[in-house]
Amino acid sequence: MEITRIGVVGAGQMGAGIAQVAAACGLEVMLNDVSEELIQRGIAGIGKRLDKAVSKGKLDEATAESTKVRIFPALGLESLAKTQFIIEAATEREAIKIDIFSKLNAVAPPEVIFASNTSSISITRMGAVTGRPERFIGMHFMNPVPVMKLVEIISGLATSTDTIDATVALAERMGKTCTRSRDFPGFIVNRILMPMINEAVFALHEGVGSPEDIDNGMKLGTNQPMGPLALADLIGLDTCLAIMEVLYKGFADSKYRPCPLLRQYVDAGWLGRKSGRGFYDYRD
Ligand code: CAA
């Protein structure tokens, strides 16, 4: 099946990034979220990023415009029925994702592939309860999507070879490099990354160092592009907490215990860049 039009559920930072790279490689994108306002906000963000690339001389205006016009607002999950591939990038909560895929399963033809951009939740389990386990797969993009090269491909126990091949081909068409992971909590990237971020929060919680010293230590001492606390702010502290909860519960191992300070920041609504405040203050 030739893929010419995809659906993206979720117009937040991940979904909008996925929509942008998909449109940039020539696909038509139906961008869905729960309200027209959220969809328009996602589309406006994409427009802004493309305009910035044009003003920096990194993209020509015609390419930017043709990318923009391939993204269509799609309110209501039924408006994704006429696509060949649907990527879900909603909030990192299993119940929300299962609800979305169950609804999509009722409206999308059986050959449509469902991919979840989940960063940690079981692909096998979500595939099993939402109606098409052989056409269900994990397609985990990294943040910021337009910049990061990797897509982690996670097959559930029942995912078919055809589904894996089509997903890898789609990711490569979007200019990404794929790694494959078996379906274990956090897959590969977050199983390794999140405990590091969580440990950085413990270091802050225990007064080992200031956020700047913790981040500069890791940035300058281990050649990372940004420190773990700044990265947590970029990812979203609610997402970091949700992933730690999945690791903690999934492995039933105390080494994945989320730091109480991380939980407290999330309780306070200090979610990082997207809320204006996390380990750093972004309100200016
Ligand atoms: N969206 C799109 N493009 C962005 C962007 C965003 N949010 N943020 C930065 N960029 C682009 C800039 O436009 C710029 O592009 P050009 O080079 O074409 O001009 C480029 O990225 C570099 O940006 P800056 O010069 O502003 O800043 P920088 O050099 O400090 O890079 C960064 C910013 C790319 C975010 C870099 O710090 C970095 O790579 N950080 C690590 C990011 C990372 O580890 N991501 C993975 C997170 S884990 C994950 O996503 C998995 C999960 O499930 C949680």
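Residues numbered from 1 in each chain as written. Predicted model: local features only at pLDDT ≥ 70, side-chain atom pairs only at ≥ 80, totals over all residues. Heavy atoms only, no water.

Q: If you had to explain the overall build of the protein chain to someone new, which residues and values would you point to?
A: When its secondary structure is counted, the protein chain shows 11 helices and eight strands. Whereas a compact globule of 284 residues would reach a radius of gyration of roughly 19 Å, the protein chain reaches 19 Å, a difference of no more than 12%. Here the C-alpha coordinates of the protein chain stretch approximately 55 × 45 × 30 Å along the principal axes. Looking at the protein chain as a whole, 49% of its 284 residues are labelled buried. Intrachain contacts of the protein chain at a sequence separation of at least 6 include 66% that bridge at least 24 residues. Surface accessibility of the protein chain: about 13,400 Å² in total, with carbon and sulfur atoms responsible for 55%. In the protein chain, which carries 31 positive and 33 negative side-chain charges, the distance between the mean positions of the two groups comes to 1 Å. (Helix = DSSP H or I, 4+ residues; strand = E, 2+ residues; numbered from the N terminus. Rg over C-alpha atoms; globule rule 2.2 N^0.38 Å. Buried < 20%, exposed > 50% of the residue type's maximum accessible area, 1.4 Å probe, protein only. Contact = heavy atoms within 4.5 Å. Areas by Shrake-Rupley, 256 points an atom, 1.4 Å probe, with all protein chains shown as cover. Lys, Arg positive; Asp, Glu negative; His and termini not counted. Charge placed at Lys NZ, Arg CZ, Asp CG, Glu CD.)

Q: Requested: an account of the packing of aromatic side chains, with residues and values cited.
A: What the rule picks out here adds up to five aromatic pairs. An aromatic cluster is present here, built from F101, F114 and F136 joined pairwise through their rings. One residue, R132, lies across the ring of F114, its end atom 4.1 Å from the ring centre. Stacked on the ring of W270, the Lys or Arg R277 has its end atom at 3.8 Å from the ring centre. (Phe/Tyr/Trp six-rings, centres within 6.5 Å; stacked < 30°, edge-to-face > 60°. Lys NZ or Arg CZ within 6 Å of the ring centre and 35° of its normal.)

Q: Can you explain the site of the ligand? Please cite residues and give values.
A: Close to the ligand lie 18 residues, the nearest being K56, S119, H140, N143 and N190. One of the side-chain nitrogen or oxygen atoms of K56 is found 2.6 Å away from an oxygen atom of the ligand. Considered on its own, the ligand offers 1,000 Å² of accessible surface; in the complex 62% of this is hidden by protein. Of all elements in the fold, only helix 7 (189–205) and helix 9 (228–235) reach the threshold of two or more residues within the shell around the ligand. The leading source of residues in the shell around the ligand is helix 7, at three residues. For the shell around the ligand, the per-class residue count stands at 11 nonpolar, four polar and three charged. Two domains each provide a minimum of three residues to the shell around the ligand, namely domain 1 (5–181) and domain 2 (191–274). (Near = heavy atom within 4 Å. Polar contact = N/O pair within 3.5 Å; in protein donor to acceptor, adjacent residues only side chain to side chain. Nonpolar A, V, L, I, M, F, W, Y, C, P; charged D, E, K, R; others polar. Domains from an automatic or database assignment.)

Q: Quick one: what's the story with the sheet that holds strand 2 (residues 28–32), residue by residue and with numbers?
A: Pairing in this open sheet of eight strands is mixed, and the strands run 3-2-1-4-5-6-7-8 from one edge to the other. Looking along the sheet, the strands with just one partner apiece sit at the ends: strand 3 (71–73) and strand 8 (177–181). The mean angle between the axes of side-by-side strands here comes to 25 degrees, regardless of whether they run parallel or antiparallel. Here strand 1 (residues 5–9) runs beside strand 2; their pairing, made up of five bridges, is parallel. Looking at strand 2, one finds that R5 is bridged to E28. Packed on one face of the sheet, helix 4 (residues 94–107) meets strand 1, strand 4 (85–88), strand 5 (113–116) and strand 6 (136–141) and runs near 170 degrees to strand 5. (Pairing = 2+ DSSP bridges. Axes fitted to C-alpha atoms, helices over the stretch in contact; angles between N-to-C directions.)

Q: Run through the side chain of T239, naming residues and quoting values.
A: With respect to the secondary-structure elements, T239 resides in helix 10 (residues 237–251). Among all residues touching T239, those that are not within four sequence positions of it are S119 and K274.

Q: Account for the domain arrangement of the protein chain, with residues named and values stated.
A: For the protein chain, the assigned domains read domain 1 (5–181) and domain 2 (191–274). Of note, the centres of domain 1 and domain 2, computed from C-alpha atoms alone, are 26 Å apart. Each partner contributes to the roughly 540 Å² buried at the junction of domain 1 and domain 2, and carbon and sulfur atoms together form 62% of this total. Taken together, domain 1 and domain 2 are joined by zero salt bridges. Linking domain 1 to domain 2 there are three residue pairs in polar contact (both at pLDDT 80 or more). In terms of residue class, the side of domain 1 that touches domain 2 is made up of two nonpolar, four polar and one charged. (Buried area = accessible area lost by both parts, 1.4 Å probe. Salt bridge = Lys/Arg side-chain N within 4 Å of Asp/Glu carboxyl O.)

Q: Which residues make up the nonpolar core, and what are the values?
A: A general feature of soluble globular proteins is that nonpolar side chains tend to end up buried together. In terms of nonpolar packing, the biggest core is built from 35 residues, with I6, F85, M139 and F141 touching the most fellow members. For this core, the leading source of residues is helix 1 (residues 13–24), giving seven residues. The contact partners of I6, leaving out residues within four places of it in the chain, are A22, L27, E28, V29, M30, T83, F85 and I87. (Core = buried A, V, L, I, M, F, W, Y, C linked by side-chain atoms within 4.5 Å.)

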